[in-house]
Amino acid sequence: MTESPLPFALPDLGEAEIEAVTDAIRSGWVSSGPQVKAFEDEFAALCGDGVTAVTVNSATAGLHLALEAIGIGPGDEVLVPTWTFTATAEVVRYLGAEPVLVDVDPRTFNIDLGAAAAAVTPRTRAIMPVHFAGLPVSPSALRDFAVTHGVRVVEDAAHALPAAAEGEMVGSGASDATVFSFYATKTITTGEGGMVVSRNAEVTDRIKVMRLHGISRDAFDRYRSSVPSWQYEVIAPGYKYNLTDPAAAMGRVQLARAREMRDRRAAIAARYDEAFADTDLQLPDHGPEGTLHAWHLYVVRVPQGDDRDGFIRAMSERGIGTSVHFIPLHKHPYWRDRGALTDDQFPQASAEFERVVSLPVFSSMTDAQVERVVEAVTALRSA
Ligand SMILES: *Cc1c(COP(=O)(O)O)cnc(C)c1O
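Residues numbered from 1 in each chain as written. Predicted model: local features only at pLDDT ≥ 70, side-chain atom pairs only at ≥ 80, totals over all residues. Heavy atoms only, no water.

When the terminal C-alpha atoms of helix α9 (residues 245-256) are compared, their 17 Å separation across twelve residues agrees well with the 16 Å that a helix rising 1.5 Å per residue should span. Within α9, ten of the twelve residues are buried, which leaves the element mostly enclosed by the surrounding structure. Among all positions in α9, only D245, P246, A247, A248, A249, M250, G251, V253, Q254 and L255 are buried. Summarising the contacts, the buried residues of α9 are in contact with α1 (15-27), α2 (34-47) and α10 (258-275). (Helix = DSSP H or I, 4+ residues; strand = E, 2+ residues; numbered from the N terminus. Expected span 1.5 Å × (residues − 1). Buried < 20%, exposed > 50% of the residue type's maximum accessible area, 1.4 Å probe, protein only. Contact = heavy atoms within 4.5 Å.)

Written as structure tokens, this is what we have:
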């Protein structure tokens, strides 16, 4: 009785997405056009009045453009949690600035604002919090930090759609920019894609220019307005970071399903919480009362000193995919060698890294698949 392998993550795409993409192709607009515009408008409406949303072809591109738009450059330092994907830090290097890695709160894996305060220098210009797994960093604590230290805020919200804390949805706030990812395994997907949102028109205007070659008006506007379609001005050496219409068409369907897909993930997380209560695993933090957790990831921890890798192997032998989020940046050769970084400088991240395992939690999981994970984990981890 061999069961087919259960992957760690799969996109949740159905006939509606296939139809929307097909329609977009049939329309003849296969680069950035009306679907991109509609996706941006719908996303902005979800974030609230006064928010502008700008599509990009990845969150990495969006983070790069956001930092560029707030003027990050050589000699600047940007605070980045060590507990993240390398994209968060690499974009700082694109601009010739230095990411300064910061340890995390061991309860949430989110940036430790106390450690961040200790890392501030006269060169510190910005902080890039990551809402790890979809659990938001406190927006009020973030604002206090920015005001106290006089730094800008670019939120890496790659895991955080939809998510909210203290009554504020991630993406609705006063940060300079918040960046979402629509990579294949993220909470909504366009295959590859991302969105930058902000209330600061200076930031979003600059990003609109820089995402398409530094051209002062994007292709869609040119085709709509009275200005001759051949006319444009290059005002900076920009990038090629625009999203396509077929991708945006997929994104619009996914966006409309974002809450329903999140609720399915939350139900899976609740089932895991209940089923694993009597195991030796430490279960994920839910945040304070009133938190809307996106449940992009469900991360359990084996006891300190236990064989985490053995647990991953045993799950794999049962045909269940797992992962590890994240290998802290200070453990990767490039970041470690560049900053001469050691584990002692990041005691929390270094210790927790040895213990973490991410279990499958994607919205298209069937109840039977969820129970398969439950059975395997309880068999392996119960006393
Ligand atoms: C996935 C991810 C990114 C990068 O997103 P892309 O859309 O693939 O560029 C950035 N930060 C974090 C925390 C991520 O998980």
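Here the narrative resumes, following the displayed structure.
This part covers the environment of V51. Positionally, V51 belongs in the loop between α2 and β1 (52-56). When the C-alpha atoms of V51 and P136 are compared, they prove to be 19 Å apart, with 85 residues separating the residues in sequence. Not counting residues up to four positions away in its chain, the partners in contact with V51 are A44, G171, V197, S198 and R199.

Once the domains are mapped, the protein chain shows domain 1 (15-256) and domain 2 (258-381). Once you take the C-alpha centre of each, domain 1 and domain 2 turn out to be 25 Å apart. Tallying the contact residues gives 37 residues for domain 1 and 35 residues for domain 2. Interface area, domain 1 with domain 2, both sides summed: about 2900 Å², of which 65% is carbon and sulfur. The three residues of domain 1 that bury the most area against domain 2 are W83, D103 and P162, which together make up 20% of that side's buried surface. Taken together, domain 1 and domain 2 are joined by one salt bridge. In this structure, R338 engages E98 in a salt bridge whose closest nitrogen and oxygen atoms are separated by 2.4 Å. Counting across the domain 1 and domain 2 interface gives 16 residue pairs in polar contact (both at pLDDT 80 or more). If you list the elements that add at least two residues to the side of domain 1 that touches domain 2, you get α4 (86-94), β3 (98-102) and α9. (Domains from an automatic or database assignment. Buried area = accessible area lost by both parts, 1.4 Å probe. Salt bridge = Lys/Arg side-chain N within 4 Å of Asp/Glu carboxyl O. Polar contact = N/O pair within 3.5 Å; in protein donor to acceptor, adjacent residues only side chain to side chain.)

In this section: the sheet that holds strand β8 (residues 177-181). Taken together, seven strands build an open sheet; the order of strands is β1-β9-β8-β5-β4-β2-β3 and the sheet is mixed. The sheet is open, and its two edges are formed by β1 and β3, each paired on a single side. The mean inter-strand angle of the sheet, taken between neighbouring strand axes irrespective of direction, is 25°. As paired strands, strand β5 (residues 152-156) and β8 are joined by three bridges and run parallel to one another. Bridge assignment links E155 to a residue of β8, and that residue is T178. Strand contacts of α2: β1, β8 and β9 (194-198), with the helix running at about 135° to β1, the strand carrying the most contacts. Against the sheet, helix α7 (residues 201-210) engages β1, β5, β8 and β9, with an angle of about 25° to β1. (Pairing = 2+ DSSP bridges. Axes fitted to C-alpha atoms, helices over the stretch in contact; angles between N-to-C directions.)

This paragraph deals with the side chain of E17. As for its placement among the helices and strands, E17 is situated in helix α1. A distance of 2.8 Å separates the side chain of E17 from the side chain of Q254, its partner in a polar contact. If near-sequence neighbours (up to four positions away) are discounted, E17 is found in contact with D12, M250, V253, Q254 and R257.

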